[in-house]
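# Structural overview
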Amino acid sequence: MFQVRPLPNTGTAVLTVTLVVVVLALPMVLNSYYLTLAVSAALWAYLSLCWNLSGGYAGLFSFGHTAFFAAGAYTSTLLYTELAVSPWLGMFAGAGMGALLALIIAVLAVRYRIRGMYFSLATVAVVEILRPVLDTWSSVGGSTGILLPLLNSPGNMLFIKRAYYYYVIVGLVAVAMLVTWMIARSRLGYYAIAIREDETAAEVSGVPSARVKRQMLAISAALTAVGGTFYAQFYLFIQPEIVLGWDPQMQMILGTMVGGPGTVAGPVVGSLAFSVLTEVLQLLPIGWSPEIAAIVMRLIWGVILVAVMLYLPGGLLGMGLHARKRARVARA
Amino acid sequence: MTALRIEGLRKRFKGLEALRGVSFEVADGEVVGIVGANGAGKTTLFNTLSGVIRPDTGSIRLHGREISGLAPHMICKLGIGRAFQITRPFLNLTCLENVTVGALNREPRAARARERAMTVLAQVGLDDKAEMLGRDLSVSWRKRLELARALASGPKVLLLDEVLAGLNELEINEMVRLLPTLTTDMTVLIIEHVIQAVLQLCSRAVFMQAGAVLVDGAPNEVMNDPMVIDSYLGTEREC
């Protein structure tokens, strides 16, 4: 009846097909160094997509997604090392653990009316509580962590060839984008963005905010936990300091905020931009040691984040979308 | 039939008793103006009716069903819609998305809800702004968006909190002309300071002072009541 959004035209279709072909063909042309980089970049894109469902759509600006990440990594890894359960199955158990943890957090947040910045702080607290627990829990590896064996066992998500990891993570990115796309056009998606904008107005308009928050955080957490399983399988080593560290958390948030929170492709664009930038910086012939390069990189991240928040609140993609919307309105 | 029966509604905020035993009934299809000076408890009354705040004691029945203390989204589902005094559009959503959120109450499928939202946008004259963001609207358009979002949720009882405030004379006239066409078959409660609008729109007026209903009757009688005039203009003694 009403044609509100234009259908994708042929130009978009051609671009999409080209992009898919390039992404799938990449392992054939990349050497193992760049393939590792590509896997890592895709993993951060995936995790940004997961965080986006919570922070970008529902306005649940979590600083505690590493808790879900760790839940996934530890659950599947322990199931594999202790009980020989394949991580392909352990991945779902990890997702369940992540979702359970998210439900507990969401229920408490609603019960005690923890919103906005206070919600962010509460999620920091969750991570800060989890870290010493894992650090001192010797039967799950304590602070030294857990090693996975280096072997080729596709049935256990262990590969010698990096290309297989690449296809697994690219598949996960595709799934996360599909899930985001489906949620965005569903009732749940509309309700989530309404809560993000104004929770009271949303409730008065019929949005069951408690349920929507629970669902969005649980979905986001379950997917994040799957990323944790992949991380463990790819790097073959997990440790509280790493999986519960600030770096993975910041990368999820930065990727999303720079690319465009509350959009399907934004987190991918943003996190890829960061991965490329990080690599370019390390390639510059300045002769920095890796430690110095890492510090400089953080500095640059910080500056970019502040600049984006000040001048591009919708992120790279958000800016494009709004410009297009305004243009369409102007034409009308 | 009685649409709304309010009995002995009380609400205390720390030292201030905002509502001290408000009771009145609204019949189906009635358009009731709620008038009174600032601080009389009008908005607090709306807040308790829409579930944003919980009354300390008292009862609110919507078509016989007790709703006081229910969550706002449940009350919305049961048929009370509300437009806020200070408009609260979802700033980063388009007009269409704003209204779709309300429409999803009656049409769980997003595609159908968007169609319903588009129809409502057309009714309030915002259809050409469907793709504009809430933040890009002027005050007068925001008022209409607020109204559209409430209408799209399919209310039986509509609460309008100063939808005319901040509008110029031309816009007020337009809104006063528009409102009755939008609210046919609905029971409407209107908080309004523009007396002329109350006289034109309402079949009855309720005058509140210090958290209680003081005068209740035909709009022109209420507006000419000495107590009401006193409260708005002050007595001669005080001047």
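Residues numbered from 1 in each chain as written. Chains lettered and ligands numbered in written order. Predicted model: local features only at pLDDT ≥ 70, side-chain atom pairs only at ≥ 80, totals over all residues.

## With respect to the interface of chain A and chain B
The condition is simple: The contact criterion used here is simple: two residues whose C-beta atoms, placed from the backbone, lie within 7 Å are in contact. Put simply, DSSP marks the helices as runs of H or I at least four residues long and the strands as runs of E at least two long, and each gets a number from the N terminus on. Each residue is assigned to one of three groups, with Ala, Val, Leu, Ile, Met, Phe, Trp, Tyr, Cys and Pro labelled nonpolar, Asp, Glu, Lys and Arg labelled charged, and all others, Gly among them, labelled polar.
Chain A puts 26 residues into the contact, and the matching count from chain B is 32 residues. Residue assignment for the side of chain A that touches chain B shows that the elements contributing at least two residues are α7 (187-197), α8 (199-204) and α14 (315-331) of chain A. For the side of chain A that touches chain B, the element with the highest residue contribution is α7 of chain A, accounting for six residues. Classifying every residue of the side of chain A that touches chain B by side-chain character gives 14 nonpolar, five polar and seven charged.

## Looking at the environment of Val 20 of chain A
All names here are of chain A. Test applied: Three exposure classes are used. Buried residues have 20 or more other C-beta atoms within 10 Å of their own C-beta, exposed residues have 12 or fewer, and partly exposed residues fall in between, all C-beta atoms being placed from the backbone.
The topology assignment puts Val 20 in helix α1 (residues 10-29). Owing to 12 C-beta atoms within 10 Å, Val 20 belongs among the exposed residues under this scheme. Remark: the alpha-carbon pair of Val 20 and Thr 66, spanning 46 residues in sequence, is separated by 29 Å.

## A closer look at the sheet that holds strand β5 (residues 65-66) of chain B
All names here are of chain B. Under the convention used in this document: For two strands to count as paired, DSSP must find a minimum of two bridges between them.
Read from one edge of the open sheet, four strands run β2-β1-β4-β5, paired in antiparallel fashion. Bordering the open sheet on either side are β2 (16-27) and β5, each of which pairs with just one other strand. Direction of pairing for strand β1 (residues 2-13) relative to strand β4 (residues 57-62): antiparallel, over a ladder of five bridges. Bridging across to β4, Arg 5 finds its partner in Arg 61.

## Quick word on the nonpolar core
Defined as follows: Defined on buried residues, the nonpolar core groups Ala, Val, Leu, Ile, Met, Phe, Trp, Tyr and Cys residues joined through C-beta atoms within 7 Å. Segmentation into domains, and thus their bounds, comes from an automatic or database assignment.
By size, the foremost hydrophobic cluster in this structure holds 156 residues, and its most contacted members are Ala 42, Tyr 46, Ile 169 and Val 173 of chain A together with Leu 121 and Ala 148 of chain B. Mapping this core onto the domain boundaries places at least three of its residues in each of domain 1 (1-79 + 156-239) and domain 2 (89-154) of chain B.

## Details of the confidence of the model for chain B
Atom-level detail of predicted coordinates should not be read off regions where pLDDT is low. What counts here: The quantity called pLDDT is the predictor's confidence in a given residue, expressed from 0 to 100.
For chain B, per-residue confidence averages 92 on the pLDDT scale, and 97% of positions sit at 70 or higher. Among the prediction metrics, the complex's ipTM stands at 0.90, with pTM recorded as 0.90.

## Quick look at α1 of chain A
Residues and elements named next belong to chain A. Quick reminder of the rule: In a helix, the anticipated span is given by 1.5 Å times the number of residues less one. Bend is the name given here to the angle between axes fitted to two runs of seven residues, the run ending at a residue and the run starting at it.
The terminal C-alpha atoms of α1 lie 28 Å apart, and with 20 residues this matches the ideal 28 Å at 1.5 Å per residue to within 8%. At Val 23, α1 shows its maximal kink, close to 30°; a proline, Pro 27, follows between one and four residues later. With one of its 20 residues buried, α1 lies for the most part at the surface.

## Some thoughts on the domain arrangement of chain B
Residue and element names in this part refer to chain B. The assigned domain composition of chain B is domain 1 (1-79 + 156-239) and domain 2 (89-154). Its C-alpha centre places domain 1 at a distance of 24 Å from the equivalent point of domain 2. Taken together, the contact pairs eight residues of domain 1 with ten residues of domain 2. Of all the secondary-structure elements, those providing two or more residues to the side of domain 1 that touches domain 2 are α2 (72-78) and α6 (169-182).

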